[in-house]
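Letter by letter, the chains look like this.
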Amino acid sequence: MEASISFLGSTKPNLSSLIPSSNVLHRRDSPLPALKLKKVSVFPKILHQNRLIRAQCSDVLAPNEDDEFVLEDVPHLTKFLPDLPSYPNPLKESQAYAIVKQTFVSSQDVVAQNIVVQKGSKRGVHFRRAGPRERVYFRSDEVKACIVTCGGLCPGINTVIREIVCGLNNMYGVNNILGIQGGYRGFYSKNTMTLTPKVVNDIHKRGGTFLQTSRGGHDTAKIVDNIQDRGINQVYIIGGDGTQKGAEKIYQEVERRGLQVAVSGIPKTIDNDIAVIDKSFGFDTAVEEAQRAINAAHVEVESVENGVGIVKLMGRYSGFIAMIATLANRDVDCCLIPESPFFLEGNGGLFEFIEHRLKENRHMVIVIAEGAGQDYVAQSMHASETKDESGNRLLLDVGLWLTQQIKDHFTNVRKMTINMKYIDPTYMIRAIPSNASDNVYCTLLAQSAVHGAMAGYSGFTVGPVNSKHAYIPISRVTEVTNTVKLTDRMWARLLASTNQPSFLTGEGALQSVIDMETQGNFDNMKISSI
């Protein structure tokens, strides 16, 4: 029996015809064993801010109706290849796993998206727990895997590549692994290279990507044609929001053609703007490296009279790097991010705060995310909006603009002598290898992706949800952008640390921010590119 359901908000269709009469829910082609259920009269409610949710009834672990337990499951190859055979997992014979108390993840194991609850709270959304399964759907000697990296650079990419290769080889005995060079277009216009543990042995010590990268170039039909022609049956795609949307399209085309190909995404974004997961790899390294730039700016401005230092950090749509780097440093006087509007002149404006801080301390450090204040810059420079090959809006240099605005105001209006210092460490941060913390994180991501693909899952991405790694539908991590919530405590902690103004004057401004956060309606945060 196989059925699916789609409905909006709390509206529930009549599903009595889809619910089996017995208390065992089972599907002939499901990779899961029969699930023991309590008495269920209707399909569990799926509520998430009136967002359309789809779930297959045979994949939902349904406790009491009132619990509103939701499993947002990932596709499995048996969904469209019902007769696909399975095999014992080779990890059963692994010396490394011999002493592990529970080698394999149970099909009943799920990870809750929300772990802060109150008495009587509904159980809410869950994801399937990542890790090795007792049965796999690929014979090791028949696996032909490929790895591709797309989009901008980020610390840790080479570690992910290395650990996918080593994970496939060391844990599952896979020897046939290809590296696709130059991003998505490398599938049909570039050479490939053979990857072995020896080839990738020390690449984690280098920055960048061993396989090279590019933006754009996604042509679903050409890519899947190439996958099919080469006999590839596992595809590992490392990239950000647009890249993961491309991975979803590849999975959909693979399913349409009925190919035994597992498509696994590993989310990559230095800005930490991927939704659902706790954080993205490379973020910790970026925050750590940003400290060097902030410290340098502080030394510079502290050594001169009325020194004002500006450090521009990454953050196109999300200000997480700027916010966390500021909190970690404690020498920053003001942090400006895309999510928080600010203004220069007038009561409570940035100029007034700078003048106050210079009178108080004789120096000041400002950290600004690259996406902050873009509307002001565009108006000042009369610039039109342009986009790169990935469809991302090309940002104007807000750091240089703000430096000039501050200099002009205090020199011409306030008649004060100030010493401006501007530091942009963007490419220095992107290009370094990952630190120890990110190396461990990248290893877990890579191994989770390998376990998922070998277990027959496809069209999924991996990442930690409340510190537990999970398999997440790709559509869930690409539907919205993860942004700093100005109404959350972390931003309040920053304001308390810097003592900067919030730049939100009056109830109207604050309510506007609350409304935008509730609706997820930041226009400049919509991304639809591949």
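Up top is the structure.
Everything numeric here is computed off the predicted structure, so don't read it as measured data. (Residues numbered from 1 in each chain as written. Predicted model: local features only at pLDDT ≥ 70, side-chain atom pairs only at ≥ 80, totals over all residues. Heavy atoms only, no water.)

Details of the pattern of salt bridges
Using the following cut-off: The salt bridge criterion pairs a side-chain nitrogen of Lys or Arg with a carboxyl oxygen of Asp or Glu, the two atoms within 4 Å. Every helix listed is a DSSP run of H or I at least four residues long, and every strand listed is a run of E at least two residues long, numbered separately from the N terminus. Only protein chains enter the calculation, and the probe is 1.4 Å; a residue is then buried if its accessible area is under 20% of its type maximum, exposed if over 50%, and partly exposed in between.
For the structure on display, the rule yields 23 salt bridges. Between Arg128 and Asp73 there is a salt bridge, with the nearest N and O atoms lying 2.9 Å from each other. With Arg128 in strand E8 (residues 124-129) and Asp73 in the loop between strand E5 (69-71) and strand E6 (87-88), this pair connects stretches of sequence that are 55 residues apart. Taken as a pair, Arg128 and Asp73 share a single burial class, namely buried. Of the charged contacts in the structure, one is a salt bridge between Arg414 and Glu355, with a shortest N-O distance of 2.8 Å. Of the two residues, Arg414 is situated in the loop between helix H9 (398-413) and strand E18 (419-423) and Glu355 in helix H7 (residues 350-361); the sequence distance between them amounts to 59 residues. When its relative accessible area of 40% is taken as the criterion, Arg414 is described as partly exposed. What makes Glu355 buried here is its relative accessible area of 12%. Put simply, Asp225, Glu253, Arg256 and Arg257 are held in one network by salt bridges that share partners.

Some remarks on the packing of helix H8 (residues 374-381) against H9
How we decide: Axes here mean lines fitted to C-alpha atoms, for a helix over just the part in contact, with angles spanning 0 to 180 degrees between N-to-C directions. Roughly parallel refers to an angle under 35 degrees, roughly antiparallel to one over 145, roughly perpendicular to one between 65 and 115, and oblique to any angle outside these ranges. When the near helix sits turned anticlockwise from the far one by under a right angle, the crossing is termed left-handed; a clockwise turn instead gives a right-handed crossing. Two residues qualify as a contact provided that any one of their heavy atoms is within 4.5 Å of a heavy atom in the partner residue. Asp, Glu, Lys and Arg are counted as charged, while Ala, Val, Leu, Ile, Met, Phe, Trp, Tyr, Cys and Pro are counted as nonpolar; the rest, among them Gly, fall into the polar class.
Here H8 crosses H9 at 70°, and the two axes come no closer than 10 Å. Here H8 lies roughly perpendicular to H9, going by the angle between them. Considering the relative orientation of H8 and H9, their crossing is left-handed. Residues Gln374, Tyr376, Val377 and Ser380 of H8 lie in contact with H9, whose contacting residues are Val398, Trp401 and Gln405. The class makeup of the residues in the contact of H8 with H9 is four nonpolar, three polar and no charged.

Quick word on the environment of Gly399
Inspection of the secondary structure puts Gly399 in helix H9. Here Gly399 is in contact with Ile310, Lys312 and Tyr422, once residues within four sequence places are set aside.

Points about the packing of aromatic side chains
Selection criterion: Aromatic rings from Phe, Tyr and Trp, with only the six-membered ring used for Trp, were paired whenever their centres fell within 6.5 Å, and each pair was classed as stacked if the ring planes differed by under 30 degrees, edge-to-face if by over 60, and tilted otherwise. The rule for a charge over a ring is simple: NZ of Lys or CZ of Arg within 6 Å of the ring centre, and within 35 degrees of the ring normal.
This structure, assessed with the given rule, holds six aromatic pairs. Relative to Phe503, the ring of Phe343 lies with its centre 6.0 Å away and its plane at 80°, an arrangement referred to as edge-to-face. With a gap of 160 residues between them, Phe343 in the loop between strand E16 (334-336) and H7 and Phe503 in the loop between helix H13 (489-498) and helix H14 (506-519) connect regions that are remote in the sequence. Exposure remark for Phe343: the relative accessible area of 24% places this residue in the partly exposed category. An aromatic cluster of at least three residues, connected via ring pairs, comprises Phe342, Phe343, Tyr376 and Phe503. Note that Arg139 overlies the ring of Tyr87, its terminal NZ or CZ placed 5.6 Å from the centroid.

Considering the packing of helix H3 (residues 220-230) against helix H4 (residues 241-257)
Where H3 meets H4, the closest approach of the two axes is 10 Å, and the angle between their N-to-C directions is 60°. On the basis of their axis angle, the class for H3 and H4 is oblique. The handedness of the crossing between H3 and H4 comes out as right-handed. Between H3 and H4, the residues in contact are Thr220, Ala221, Ile223, Val224, Asp225, Ile227 and Gln228 and Lys249, Ile250, Glu253, Val254 and Arg257, respectively. The residue makeup of the contact of H3 with H4, split by class, is six nonpolar, two polar and four charged.

These figures come from the coordinates and say nothing about function on their own.
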